[in-house]
Amino acid sequence: MLILGGTAEALELARELNERGVMTMTSLAGRTRDPVMPVGEVRLGGFGGADGLDAFLRSEGVPAVVDATHPFATAMTAQARAAAASASVPYLRLARPDWSPEQGDRWHLVDDMGAAVTKARILGRRIIAAIGRQELGRLRDAPDLQVVVRSVEPPGDLPAHMSWRQGRGPFAVEDEVALLRDERIEVVLARASGGSGSAAKLEAARRLGLPVVLIRRPAEPDGVQDVAAAVDWVLSVLAGRSTCECPAA
Ligand code: NAP
């Protein structure tokens, strides 16, 4: 049973399946230096595209794949769907539900990082960016803004208008409020990743009346949104081995 991981949901799924006697192998991209290790077997690093994953599924005799990667890990999801289809291995997408605004939220939804920087600039000058390291380019090129980057791993050398605060979720709302106050933040810039582990910043922004620029989630393939449903799917696939929900090639 292969779990494509890198998320809290993948960790929980591995734990739940192993408790039920299902052996799992969780695959991590290997980018984080000190990742939280899943229960069960773990492998690190890319497969070499969809073809590499197809070959891996066949050579390891993987009976099913749950793709529990992050909602913004779109390349991996596309490759996993293609590889599962070509190797005829049942595939399930497990992706946490998207966020919805609550009363008091001042959200501005945008499509990409370029639009996010444009919108943030209209709303304020001191920005906290809770986004992936790969997406910092446009903020590096915005010396008119003061940017605090919050990420698990250090983002490398930063220009003078940017600073780094280390942080690994789940975050507590009180800590997020303190961070936004300490840094005198005017705008929160984040991706609409969904889930509870990183939602505290949204509640903190609501409490402080701050605007949030949210990059919309990419479209998701059909699948399930919670770990319990993924456990049921795995157990039914392993019990029957006949309900192949292989995505179309
Ligand atoms: P991505 O752009 O969709 O994938 C880039 C490449 O990384 C893939 O083509 C694949 O390489 C490799 N890869 C990604 N996930 C992998 C996995 N679970 N196991 C083995 N190889 C994997 O992904 P990303 O956005 O860089 O994210 C990388 C990992 O970090 C994902 O596992 C994701 O769940 C986790 N993560 C991402 C974010 C985010 O904001 N994007 C946030 C939190 C966690 P090959 O082509 O060589 O197979």
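Structure report, in brief. (Residues numbered from 1 in each chain as written. Predicted model: local features only at pLDDT ≥ 70, side-chain atom pairs only at ≥ 80, totals over all residues. Heavy atoms only, no water.)

Remarks on the side chain of Ser-193
Definition in use: Helix and strand definitions follow DSSP, with helices as H or I runs of at least four residues and strands as E runs of at least two, each counted in order from the N terminus. Working definition: with a 1.4 Å probe on protein chains only, accessible area under 20% of the residue-type maximum means buried, over 50% means exposed, and in between means partly exposed. The contact rule is simple, with two residues in contact once any of their heavy atoms fall within 4.5 Å.
Here Ser-193 shows up in the loop between strand S10 (187-191) and helix H7 (200-208). Judged by its relative accessible area of 7%, Ser-193 falls in the buried class. In this structure Ser-193 touches His-70, Pro-71, Phe-72, Arg-96, Trp-99 and Arg-217, once residues within four positions along its chain are discounted.

Looking at the site of the ligand
This is how it is decided: Near residues are defined by distance, with any heavy atom within 4 Å of the molecule or strand qualifying the residue. Polar contact is the term for a pair of N or O atoms within 3.5 Å; when the atoms are in protein, one must be able to donate a hydrogen and the other to accept it, and sequence-neighboring residues count only if both atoms are side-chain atoms. We get accessible surface area from the Shrake-Rupley algorithm with a probe of 1.4 Å; when it comes to residues, only the shown protein chains can shield them.
Taken together, 22 residues surround the ligand, and among them Ser-27, Arg-31, Phe-47, Met-76 and Arg-191 come closest. For the ligand, an oxygen atom lies 2.9 Å from a polar atom in the backbone of Gly-49. In this structure, Thr-74 approaches the ligand through a main-chain N or O atom, which is 3.5 Å from an oxygen atom. Within the complex, 77% of the 810 Å² of free accessible area of the ligand lies under protein. Listing elements by their share of the shell around the ligand, those giving two or more residues are strand S2 (25-28) and helix H3 (74-87). Broken down by element, the shell around the ligand gets its largest block of residues, 4 residues, from H3.

What about helix H4 (residues 113-123)?
Heads up, the condition is: Note that the arc is defined by the directions from the helix axis to the C-beta atoms.
Regarding H4, the residues found buried are Met-113, Gly-114, Ala-116, Val-117 and Ala-120. Viewed end-on, H4 has its buried residues packed into an arc of 160 degrees, placing them on one side of the element. For H4, the elements touching its buried residues are strand S6 (106-110), strand S7 (126-130), helix H5 (137-140), S10 and strand S11 (211-215).

None of this, on its own, says anything about what the molecule does.
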